[in-house]
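These are the residues of each chain, in order.
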Amino acid sequence: MKAPDFDYLRPGTIAEAIAILSEHEGEAQPLAGGQSLMPMMNFRVAAPAVLVDLSALSELRGITRTDTSVRIGAMTRYRELGDWANICTDLPLIATALPHIAHDAIRNRGTIGGSLALADAAAEMPALMLALGATIELMGPNGTRHVHADDFFQGFYDTACEADELIVAVDIPLAPEAKFGFHELVQRHGDYAMAGVAIKATSLTPLSGLRIAFFGVSDRALRVPALEAALDGTSGDEAAIAAALPALEAIEFEGDLKVSAKTREHYAGVALKRALAEMLA
Amino acid sequence: MTGPATIFDKPNTYIGQPTPRADAARLLQGRGRFVDDLQLPRMVHAAFFRSPHAHARILSIGTTAARAAPGVVAVYTGAELAEHVTPYVGVLTHLAGLRSAPQHPIAVDVARWQGEPLVMVIAQTRAQAEDACELIEADLEELPPAVDAEAALTADAPVIHADFGSNLAWERKVDVGHIDNAFAAPDVTIVEREFRFGRHTGVTLESRGTVCDFDPSEQTLTMHYSGQAPHMMQVILSRHIGVAEENVRVISNDVGGSFGIKIHTYGDEIAAAAAAKLLKRPVKFIADRMESFMTDIHARDHVVKARMGISAEGSIVGIDFHDLTGVGPYSMYPRTSAIECNQVLNLTGAPYALENYRAHGQVVFQNKNMMCQYRAVGHPIAMAVADGLLEDAARAIGMDPVEVRRRNLMRDDSYPRASASGMKLDDLSHQKALEKLVEIMDYDALRADQIKMREKGVYRGIGFVSMVEVTNPSPMFYGIGGAHIASMDGATVRLDAAGALHVSSSITEQGQGTNAILGQIAAGVFGVPIERVKVTTGDTATVPYGGGTWASRGAGIGGEAMLQAAHALKTQVLDVAGVMLQSPVAALDIRDGAVVDAETGAERITLDALARTVYYRGNELPSDLKPELIATRHYRVTDFPFVFTNGAMAAHVEVDTETGFVKVLHFWAVEDCGRVINPMLVDEQVRGGVVQGIGGALYEECLYSPEGQLLNTSMADYIVPMASEMPEITVAHIETPTKTSVLGAKGAGEAGTGGAPAALLNAVNDALSPLNTSIWQMPMTPERILKALGKV
Amino acid sequence: MSKTQDISLTVNGEVLTANVPVRMNLVDFLRHEAGLTGSHVGCEHGVCGACTIEVNGDTVRGCLMLAVQANGATVTTIEGLADSGRSAALIAAFTRRNALQCGFCTPGMLASAIAYVEGGGIADKQAIRDHISGNYCRCTGYQSIVDAIHDVVTEGASA
């Protein structure tokens, strides 16, 4: 399982990087943490002609906090995010989720931008961005643009980021009064979830301002507005959840080697119930 | 078999001590010697173009582009290689009726499983070889594959070997007593279940691989081998590649896990050896992880329809079952793909006093990966069937499963005897093991806890297994059937001039501690500190001839040979000492590296002083004294086909009825493997084996599409046990030495894997029993448990 | 048309310079170019943990990093941990507890273990299990490894 050959470039500026992506028209692949790309290349299911190493781009690093938001550079490693001084106070949902994401050695290299650009349906980070209502900052040959998380994850490994664009950063609005929930169903610690949910609520009693993002259930991380509406204004108790669960039918559940679509649907409900129960405990 | 009792009750005997392994040091410092660590001059690398189809006729193979690719040294198709390697057939005469077809290392006319090698590419680097494989143009005509074992014998199933007329490789029937009458008796309750066991595989962390080298000047072929049976490989290479056996050297150094996986004949490894001979330079082939999943032997694919009859008093009146197992398109060479089924027939119910036993086993060819022996061969199925039915029957008649076992296990004082299946048994302790198990697990407390938790809606279960394990096999296992597999092993012990002991043995090391126990036995029996013992294993050029390590035979057979050799050398050294010291030999002993006065322990002469006199200054010795400071002894089991061990195990689980997840809270194993040489090593074998068994019980399955494509070929899709989810495992020992040797040691390597699935199955069903459902399929995945619960 | 690049990195305290194929991964570089065969390859997709090594003070999967990405980096392998004495307590505990059998997972286990011990990991067996949950071992069943790491943490605490 040796990777096929490629040209390796390590540009020093974003402009250079974008120019390379434009020039090679889909044959150039950005290399962020490599924790997803390298396995694909070792399996020879990905064979880009050019690998563009983003690690020299200082514009993609750093975590900065303003009064209203936290801006995380795309090349921020999971590990760096977890070590950020304010992670527990300002981004408690991410702090809760991080220990569930793969394992130490992967988190030491994997990046936030890389996870969002790949948008693996079972990955946690896209769902966290959805729950948090983050905005993704993209840069391409035509300049910078911002895409809200709700519009970013479009399909199976498909995002709003074009082949000649790079994710530069994510902006997460601060919400000091919000409450958060997170639950994933995995057979083994660190596995991709068989179903998972990340929840943000502006208040708990009753539930309101809900953003409920599922991962590991469909072709991408997603919210179900009808579900949020059904739970909005309720206490989130068993009866309220039971009444709201039919809204999950809006999701096109995926079956795979581990579980069928039907079981996934069941699991989505279980993850939701458990996350809400933990939030309300 | 007799021997001096003084061997075992002397101080510093090492036998029975939890002595740490000397081998640990270099492994912990990064100085292991695994096959892929080897860099030989002019070494080149092999990669394989493999069949993408489960069944296909090879119409043509285009190699022009591959041959021209950068770094490529050679390309061989199956037809080209067939001129240099003879095919092999995996049959043995004692498995009457077993048939298989000649198999080439690289397929010639027809590819019969997805992953079968079709072309070997040799290049300067593995990466270049893989690049070139992508340039192979294979024109393949897909043929209908046989991938449903249950349909394999129906009229419209594709027949893999037309000459055979069907896909039946082998079948065997056992019929003892009068089972139909027994089942028809008035107070007999019958439980009947269909068990399904998922095909799974070993996933050794070090994948299969070899470095082969050929020296044309001496016509010698050397295989650096990651495997368990170097002498067996020596014969296979000799016979099929055409090199005189004495010119084939097989060297096994560090092996990164084997568990039976690396004891079989793999076409890619044979092809690499042939390439070395043809190219006259070292060829390295290391299977990558995807290749491992696709081509390491698979095992344990069974559908068993079984019934047990039990009387109202809890007496098991009989077991009756049909076992269907799907193997690969050929029976594996040389150990055959029928042994696992044969073991199921031999071992089901073997711990119990049964008068009626009927079993029918059928082995069918499939266009799936090859199948053969994997740790605990057949035991997981046999124990799960018998003990699964036992606990099912216990629930049916409302009796405690421990009580049912008490009423049915063979009594400890009833040996020697035979099982209903005809296995000769002796020196077993089923009753004692069960009582010890019940004690160490505090069974009553667990049952009380179970009731309390159920009231809270938490479903915990306790499941047991009483089991036997096949160890220390005689020639009856393979040799009598015509296999060139030794059942006799040897040990050589040599005292050198510095007073150190150099020992070598024909058994082999894969991390279980073979070298350590050989050292302990030699040091303890002969009388030197263990640091003075240097152990050599694994090299056919330097060790005695033998079988290697498999079927849990190392300690019992290799250990006995070492004991005998060490004892013989001690006698020889004392003979010399007696003359040198003018003392009766009976008044002397060897302790801590010196010849001592047997009664007082006073040192008379150090071993190195004695040895230097012998080696350098023979003039000081009487000319009629012929000192021999080296001894070799061999050992084989003669009294029994196999020396059985016994164990009693239990699992405590909690089933999350919303998710189907099973948490293993704790596991206990009471093991009687005869005399324990190193209790720490035995404990760790049991623990590792249990976790491997948990893998098969809860997680592991090779999943095939209807077209015969293996769907899970990565560590993300094939689930193995990792640390977070595994329980603590409490191990206890009973020692009933086997009378077949002085050492009295039986084997312990496979018991954990053989018994754990049964205990897990029973624990899960015990947890589910208040919900009036049960599961009889392994792995017991969350989805299967949810289906049993009616949740999906 | 193979593509190569010059790299320079410090491995176990020694500066190595080499011209490497850009597609060569770090663990293959260490094993076959630097001759440090102590690190092992188990899956080449980052799941088994056998290739876990220390780069710039953090554990990484050597199979998921290109050698060229380690240009300028400081790498420590199992050999370096032993030669420097950093793994001495773990080596003693692993030996005492027989926390290895075939030894193939051991380099990755030690890399993970030392990160736990040096990182202030607590003497809690489940926490230790979770920490090494990305390191596959087929031989031991993990208990002895957990016990060995637990020993070192408790010894360190009482030292």
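Residues numbered from 1 in each chain as written. Chains lettered and ligands numbered in written order. Predicted model: local features only at pLDDT ≥ 70, side-chain atom pairs only at ≥ 80, totals over all residues. Heavy atoms only, no water.

1. Looking at the overall build of chain C
Then comes step 1: If you tally the helices and strands in chain C, you get six helices and five strands.
Then comes step 2: The order of helices and strands in chain C, counted from the N terminus, is β-β-α-β-β-β-α-α-α-α-α.
Then comes step 3: Taken against the 2.2 N^0.38 rule, which gives 15 Å for 159 residues, the C-alpha radius of gyration of chain C at 16 Å falls within 12% of a compact globule.
Then comes step 4: Taken along its principal axes, the extent of the C-alpha atoms in chain C is 55 × 30 × 20 Å.
Then comes step 5: Across the 159 residues that make up chain C, the buried fraction comes to 66%. (Helix = DSSP H or I, 4+ residues; strand = E, 2+ residues; numbered from the N terminus. Rg over C-alpha atoms; globule rule 2.2 N^0.38 Å. Buried < 20%, exposed > 50% of the residue type's maximum accessible area, 1.4 Å probe, protein only.)

2. Structural notes on the pairing of strand β13 (residues 283-286) of chain B
Then comes step 1: The sheet contact formed by strand β1 (residues 44-50) of chain B and β13 of chain B spans two bridges and is parallel. Opposite H45 of chain B, over in β13 of chain B, you have K284 of chain B as the bridge partner. (Pairing = 2+ DSSP bridges.)

3. Looking at the interface of chain C and chain A
Then comes step 1: Listed as interface residues are 26 residues of chain C and, on the opposing side, 28 residues of chain A.
Then comes step 2: In total, chain C and chain A occlude about 2,300 Å² of area from one another, counting both sides; carbon and sulfur atoms represent 51% of this.
Then comes step 3: When the buried surface of chain C facing chain A is broken down by residue, R23, E44 and L64 of chain C rank first, second and third, together holding 27% of it.
Then comes step 4: The interface formed by chain C and chain A contains five salt bridges.
Then comes step 5: One salt bridge in this structure joins K3 of chain C and D7 of chain A, with 3.4 Å as the shortest N-O distance.
Then comes step 6: If you look at where chain C meets chain A, you find nine residue pairs in polar contact (both at pLDDT 80 or more).
Then comes step 7: Elements that contribute at least two residues to the side of chain C that touches chain A include exactly β4 (58-61) and α5 (125-131) of chain C.
Then comes step 8: Per element, the largest residue contribution to the side of chain C that touches chain A is four residues, and it comes from β4 of chain C.
Then comes step 9: Residues belonging to the side of chain C that touches chain A are distributed by class as follows: nine nonpolar, ten polar and seven charged. (Contact = heavy atoms within 4.5 Å. Buried area = accessible area lost by both parts, 1.4 Å probe. Salt bridge = Lys/Arg side-chain N within 4 Å of Asp/Glu carboxyl O. Polar contact = N/O pair within 3.5 Å; in protein donor to acceptor, adjacent residues only side chain to side chain. Nonpolar A, V, L, I, M, F, W, Y, C, P; charged D, E, K, R; others polar.)

4. Concerning the sheet that holds strand β12 (residues 195-201) of chain A
Residue and element names in this part refer to chain A.
Then comes step 1: In spatial order, the strands read β11-β12-β13-β14; together these four strands make up an open sheet with antiparallel pairing. At either margin of the open sheet sits one strand with a lone partner, and together these are β11 (179-185) and β14 (222-223).
Then comes step 2: Where helix α8 (residues 124-132) meets the sheet, it contacts β11, β12, β13 (211-215) and β14, and its direction lies at approximately 170 degrees from that of β13.
Then comes step 3: Most of the contacts of helix α12 (residues 261-280) go to β11, to which it runs at about 140 degrees, and overall it touches β11, β12 and β13. (Axes fitted to C-alpha atoms, helices over the stretch in contact; angles between N-to-C directions.)

5. Observations regarding the pattern of salt bridges
Residues and elements named next belong to chain B.
Then comes step 1: Under the counting rule described, the total for this entry stands at 77 salt bridges over all chains.
Then comes step 2: Linking E150 and R196 is a salt bridge whose minimum nitrogen-to-oxygen distance equals 2.8 Å. Taken together, the positions of E150 in the loop between β6 (137-142) and β7 (168-176) and R196 in strand β8 (residues 188-197) put the pair 46 residues apart, joining distant regions of the chain.
Then comes step 3: Between R208 and D296 there is a salt bridge, and its shortest N-O distance comes to 2.8 Å. Pair noted here: R208 is in the loop between β9 (200-201) and β10 (209-215) and D296 is in the loop between α8 (289-295) and β14 (298-299), with a separation of 88 residues, a long-range link.
Then comes step 4: Relative accessible area serves as the criterion here: at 1%, D296 is assigned to the buried category.

6. Some points on the domain arrangement of chain C
Residues and elements named next belong to chain C.
Then comes step 1: For chain C, the assigned domains read domain 1 (4-77) and domain 2 (85-158).
Then comes step 2: Interface area for domain 1 against domain 2, summed over the two sides, is near 840 Å², with a carbon-plus-sulfur share of 52%.
Then comes step 3: The largest per-residue losses of area from domain 1 upon contact with domain 2 belong to H40, C48 and T52, which jointly make up 41% of the total buried on that side.
Then comes step 4: Between domain 1 and domain 2 we count one salt bridge in total. (Domains from an automatic or database assignment.)

7. So, the nonpolar core
Then comes step 1: Core analysis: the largest hydrophobic core is formed by 217 residues, its most contacted members being M120, F667, L760 and M780 of chain B together with F94 and I149 of chain C.
Then comes step 2: Those residues in contact with L760 of chain B that sit more than four places away from it in its chain are A651, V653, V664, F667, I694, A697, L698 and M780 of chain B. (Core = buried A, V, L, I, M, F, W, Y, C linked by side-chain atoms within 4.5 Å.)

8. Observations regarding empty space enclosed by the protein
All names here are of chain B.
Then comes step 1: This structure, assessed with the given rule, holds ten cavities of 30 Å³ or more.
Then comes step 2: A volume near 710 Å³ is recorded for the largest cavity.
Then comes step 3: Residue lining of the largest cavity: 46 residues in total, with Q512, T549, S552, Q685 and G749 positioned closest to the centre.
Then comes step 4: Among the elements that make up the lining of the largest cavity, the one with the highest residue count is helix α17 (residues 679-699) (three residues).
Then comes step 5: Looking at the lining of the largest cavity, its residues break down into 20 nonpolar, 20 polar and six charged.
Then comes step 6: Split by domain, the lining of the largest cavity shows at least three residues from each of two domains, domain 1 (6-32 + 488-635) and domain 3 (298-475 + 639-788). (1 Å grid on protein atoms, 1.4 Å probe; cavity = no way out; pocket = protein on both sides within 12 Å on 5 of 7 lines; lining within 4 Å. Points joined across faces, edges and corners; volume = space filled by probe spheres on them.)

9. A few points about the side chain of K368 of chain B
Residues and elements named next belong to chain B.
Then comes step 1: Mapping K368 onto the fold places it in the loop between β17 (357-364) and α10 (379-397).
Then comes step 2: Among buried Asp, Glu, Lys and Arg side chains, K368 stands out as unpaired, with D301 the closest opposite charge at 4.1 Å.
Then comes step 3: A polar contact is formed between the side chain of K368 and the backbone oxygen of V147, at a distance of 3.3 Å.
Then comes step 4: Leave out the neighbours within four places in its chain, and K368 touches R112, W113, V147, R199, D301, G328, P329 and Y704. (Lys, Arg positive; Asp, Glu negative; His and termini not counted.)

10. Side note on the interface of chain B and chain C
Then comes step 1: With 51 residues of chain B at the contact, the number on the chain C side is 48 residues.
Then comes step 2: Taken together, the two surfaces of chain B and chain C that pack against each other cover about 4,100 Å², and 54% of this comes from carbon and sulfur.
Then comes step 3: There are four salt bridges connecting chain B and chain C.
Then comes step 4: A salt bridge links E700 of chain B to R138 of chain C, with the nearest nitrogen and oxygen atoms 2.8 Å apart.
Then comes step 5: On the surface where chain B and chain C come into contact, there are 23 residue pairs in polar contact (both at pLDDT 80 or more).
Then comes step 6: Sorting elements by how many residues they give to the side of chain B that touches chain C places α17 of chain B first, with eight residues.

11. Side note on the sheet that holds strand β10 (residues 166-173) of chain A
All names here are of chain A.
Then comes step 1: Taken in spatial order, the five strands line up as β4-β5-β10-β6-β7 in an open sheet, and their pairing is antiparallel. Because the sheet does not close on itself, it has two edges, and the strands there are β4 (63-65) and β7 (143-148). Sheet twist, expressed as the average angle between the axes of neighbouring strands with direction ignored, equals 20 degrees.
Then comes step 2: The pairing of β4 with strand β5 (residues 69-73) spans three bridges and is classified as antiparallel. Bridge pairing in β5 links I63 to I72.
Then comes step 3: Those strands touched by helix α1 (residues 14-23) are β6 (135-140) and β10, and its axis lies near 125 degrees from that of β10.

12. Looking at the domain arrangement of chain B
Residue and element names in this part refer to chain B.
Then comes step 1: For chain B, the assigned domains read domain 1 (6-32 + 488-635), domain 2 (35-143 + 207-255 + 261-295) and domain 3 (298-475 + 639-788).
Then comes step 2: Centre-to-centre separation of domain 2 and domain 3, based on C-alpha positions: 36 Å.
Then comes step 3: Taken together, the 34 residues of domain 2 in the interface contact 30 residues of domain 3.
Then comes step 4: For the pair domain 2 and domain 3, the summed buried surface comes to about 2,700 Å²; carbon and sulfur atoms form 62% of the total.
Then comes step 5: Between domain 2 and domain 3 we count zero salt bridges in total.
Then comes step 6: Scanning the region where domain 2 abuts domain 3 turns up 13 residue pairs in polar contact (both at pLDDT 80 or more).
Then comes step 7: The element best represented in the side of domain 2 that touches domain 3 is α8, accounting for five residues.
Then comes step 8: By residue class, the composition of the side of domain 2 that touches domain 3 is 19 nonpolar, ten polar and five charged.

13. Observations regarding the packing of aromatic side chains
Then comes step 1: Under the counting rule described, the total for this entry stands at 18 aromatic pairs over all chains.
Then comes step 2: The positively charged end of R553 of chain B is found above the aromatic ring belonging to W550 of chain B, 4.8 Å away from the centroid. (Phe/Tyr/Trp six-rings, centres within 6.5 Å; stacked < 30°, edge-to-face > 60°. Lys NZ or Arg CZ within 6 Å of the ring centre and 35° of its normal.)

14. Section: the pairing of β13 of chain A
All names here are of chain A.
Then comes step 1: The element β13 is extensively covered by neighbouring structure, given that five of its five residues are classed as buried.
Then comes step 2: Neither face of β13 is open: one carries R211, A213 and F215, the other I212 and F214, and all of them are buried.
Then comes step 3: Relative to β13, β12 is paired through five bridges, and the arrangement is antiparallel. Note on β13: the bridge partner recorded for A198 is A213.
Then comes step 4: Strand direction decides the pairing type here: β13 and β14, joined by two bridges, are antiparallel. Residue pairing for β14: F214 is matched across the bridge by L222.

15. Concerning the side chain of S112 of chain C
Residue and element names in this part refer to chain C.
Then comes step 1: With respect to the helices, strands and loops of the structure, S112 is situated in helix α4 (residues 106-118).
Then comes step 2: Judged by its relative accessible area of 6%, S112 falls in the buried class.
Then comes step 3: Those residues in contact with S112, other than ones at most four positions away along the chain, are T52, T59, H131, I132 and N135.

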